[in-house]
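# Tertiary structure, described
One-letter residues, chain by chain:
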Amino acid sequence: MPLFTVLALAAGTFALRLAGPAFRDRLRLPAHLQELLSVAAPVLLVALLATATLTEGHGFAGWARPAGVLVGGVLAVRRLPFPVVVVAAAATTALLRLCGVA
Amino acid sequence: MSSSWRTLDRGILHDIALVCLADAVVGASFGAIAVGGGLPAWVPITLSLLVFAGGSQFAAVGVLLAGGGPLAAVATGLVLNTRLLPLGFAVADVLGGGPWWKKLVGAHLLTDESAAFALQHQDPRRRRAVFWLCGVALFLCWNLAVALGALVGSAIGDTAALGLDAAFPAVLLALLLPLLDRRSTRDAALIGAAAALLATPFLPPGLPVLLALVGLAPAIRRTTATTKEAR
């Protein structure tokens, strides 16, 4: 990844952070825009979750990875600690691959 | 400022320490996953120092590891960070006044966590003290953890055999669950994820995730409808 990517993301993020403190006297965000921004984040993250779980390049990622993520998901819903969730997901996928499941 | 530190009781310090610990675990996974996926160690480390927003760091690295271009990575990360805009307005009074450099440093320390802690308090002095303490503590913990994770990640050999590609979505899932408690958010996310998956065979990597924003369409129609009614 070129340094440009890091710097562009950093500059844009800082501008988003500073806008509130810098313009609070002159500007107010409309309520429906606030509402929309708060939904945009989970929408993007779920899409990233879905594509990172199921796809590799332009195709299907195979069964081992989604199976691991599913195990992690079940543990997360049951409120197990974060490290347990992540390690269980990776271990499930690793075990399945060891058994020859792609 | 030294007097305002004394207004913090042990309960708050305890809560902030817990949040730092939890974020450190996430940060270490971020460093390990980024380096394990094939990125050089300076990438997760500088991302953490300069961007300092976990979700967007994961998103940008996720897009890059999937083969997406730098523009798609930056766009995804920035859309995720748009939530910092209303957060910044919410805590603007905390960063108001004082010298300009303090405003700049304070803005960089704005995160979901530091804003949430600050907004729990009404008294301006307490609010300010909590914001700065949480912000500085998180910045230190997060960056140390990411660097540590990156070191560990570079020691890992075959990441596919270890199932590390499943670790990244599992991290996302664990972080996401609390955000999905509202039905309208869940619906929008499901529509978006379906659109992204359907587009994956046809679009260059990185773009399908951005396409997921079509899931916001019902929410846009709903909010414009209610705005009209209000008029």
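Residues numbered from 1 in each chain as written. Chains lettered and ligands numbered in written order. Predicted model: local features only at pLDDT ≥ 70, side-chain atom pairs only at ≥ 80, totals over all residues. Heavy atoms only, no water.

### Some thoughts on the overall build of chain B
Under the convention used in this document: Only DSSP runs of H or I with at least four residues qualify as helices, and only runs of E with at least two residues qualify as strands; both kinds are numbered from the N terminus onward. Buried residues are those whose accessible area, probed at 1.4 Å on protein chains only, stays under 20% of the maximum for their type, while exposed residues exceed 50% and partly exposed ones sit between those limits. In this analysis, two residues are considered to be in contact whenever any of their non-hydrogen atoms come within 4.5 Å of each other.
When you go through chain B residue by residue, the secondary structure sums to 14 helices and 0 strands. Oriented by its inertia axes, the alpha-carbon framework of chain B measures out at about 60 × 60 × 30 Å. By residue count, 47% of the 231 residues in chain B fall in the buried class. Sequence separation of 24 or more characterises 71% of the internal contacts of chain B that already satisfy a separation of 6 or more.

### Points about the confidence of the model for chain B
Inclusion rule: Per-residue confidence from the prediction method is given by pLDDT, with values spanning 0 to 100.
Looking at chain B as a whole, the pLDDT averages 89, with 94% of positions reaching at least 70. Within chain B, the element-level pLDDT minimum falls on helix α1 (residues 2-5) of chain B, averaging 54, and the maximum on helix α3 (residues 42-50) of chain B, averaging 97.

### Some points on the side chain of N81(B)
The line we're drawing: Here a polar contact is recorded for every N or O atom pair within 3.5 Å, except that within protein the pair must consist of a potential hydrogen donor and a potential acceptor, and residues adjacent in sequence are included only if both atoms are side-chain atoms.
Relative to the elements of secondary structure, N81(B) occurs in helix α5 (residues 70-81). A relative accessible area of 0% means that N81(B) is categorised as buried. Here the side chain of N81(B) touches S56(B) through a polar contact of 3.0 Å, side chain to side chain. If we ignore the near neighbours within four places in the chain, the residues touching N81(B) are T13(A), L16(A), V51(B), A53(B) and S56(B).

### What about the environment of A67(A)?
Residue and element names in this part refer to chain A. On the secondary structure map, A67 appears in helix α3 (residues 64-77). As for A67 and G20, which are separated by 47 residues in sequence, their C-alpha atoms are 42 Å apart. When residues no more than four places from it in sequence are discounted, the contact partners of A67 are T92 and L96.

### Regarding unusual backbone geometry
Backbone geometry at R79(A) places phi at a positive 65°, although glycine is not the residue there. In this structure R79(A) comes out as exposed when scored by relative accessible area, which is 76%.

### Some thoughts on a nonpolar patch on the surface
Keep this limit in mind: Residues with no salt bridge and a relative accessible area higher than 30% make up the patches, which join like charges within 9 Å and nonpolar side chains (Val, Leu, Ile, Met, Phe, Trp, Tyr) within 5 Å. Here, Shrake-Rupley sampling with a 1.4 Å probe gives the accessible areas, and only protein chains in the shown set may cover a residue. In what follows, salt bridge is the name for a side-chain nitrogen of Lys or Arg lying within 4 Å of a carboxyl oxygen of Asp or Glu.
Residues L3(A), L7(A), W42(B), L49(B) and L50(B) make up a contiguous nonpolar surface patch of about 430 Å² in total accessible area. Within the residue set of the nonpolar patch, elements represented by two or more residues are α1 (3-23) of chain A together with α3 of chain B. If one sorts the elements of the nonpolar patch by residue count, α3(B) sits on top with 3 residues. Take L50(B): it is sitting in helix α3. Among the residues examined, L50(B) registers a relative accessible area of 37% and is labelled partly exposed.

### Here we look at the environment of G68(A)
Assignment of secondary structure puts G68(A) in helix α3. Apart from residues no more than four positions distant in its own chain, G68(A) is found in contact with A89(A), T92(A) and T93(A).

### Describing the environment of Q120(B)
Along the chain, Q120(B) turns up in the loop between α9 (112-119) and α10 (124-155). Once the C-alpha coordinates of Q120(B) and W132(B) are considered, the two residues, 12 residues apart in sequence, prove to be 14 Å apart.

### Re the packing of helix α2 (residues 31-54) of chain A against helix α11 (residues 164-176) of chain B
As a reminder of what qualifies: To get an axis, fit a line to the C-alpha atoms, keeping to the stretch in contact for a helix; angles then go from 0 to 180 degrees between the N-to-C directions. Every angle not falling under 35 degrees, over 145, or within 65 to 115 is termed oblique; those three ranges are roughly parallel, roughly antiparallel and roughly perpendicular. Note on convention: near helix rotated counterclockwise from far helix by under a right angle means a left-handed crossing. Clockwise means right-handed. The residue classification treats Ala, Val, Leu, Ile, Met, Phe, Trp, Tyr, Cys and Pro as nonpolar and Asp, Glu, Lys and Arg as charged. All others, Gly included, are polar.
α11(B) packs onto α2(A) with a crossing angle of 150° between their chain directions and a minimal axis gap of 9 Å. As the angle between them shows, α2(A) and α11(B) are arranged roughly antiparallel. Here the hand of the crossing between α2(A) and α11(B) comes out left-handed. Where α2(A) approaches α11(B), its residues P42(A), L45(A), V46(A), L48(A), L49(A), A52(A) and T53(A) are matched on the opposing element by F168(B), P169(B), L172(B), L173(B) and L176(B). Of the residues belonging to the contact of α2(A) with α11(B), the class tally is 11 nonpolar, 1 polar and no charged.

### Brief notes about the nonpolar core
Convention followed: Joining through side-chain atoms within 4.5 Å is the link that ties buried Ala, Val, Leu, Ile, Met, Phe, Trp, Tyr and Cys residues into a set, and such a set is a nonpolar core.
Within the largest apolar cluster, 82 residues are counted, with the highest numbers of intra-cluster contacts made by L48(A), L47(B), F58(B), L85(B), L110(B), F131(B) and F168(B). Broken down by element, the residue count for this core peaks at 13 residues, all from α2(A). Non-local contacts of F58(B), meaning those with residues more than four positions away in its chain, are made with L48(A), V26(B), S29(B), F30(B), I33(B), F168(B) and V171(B).

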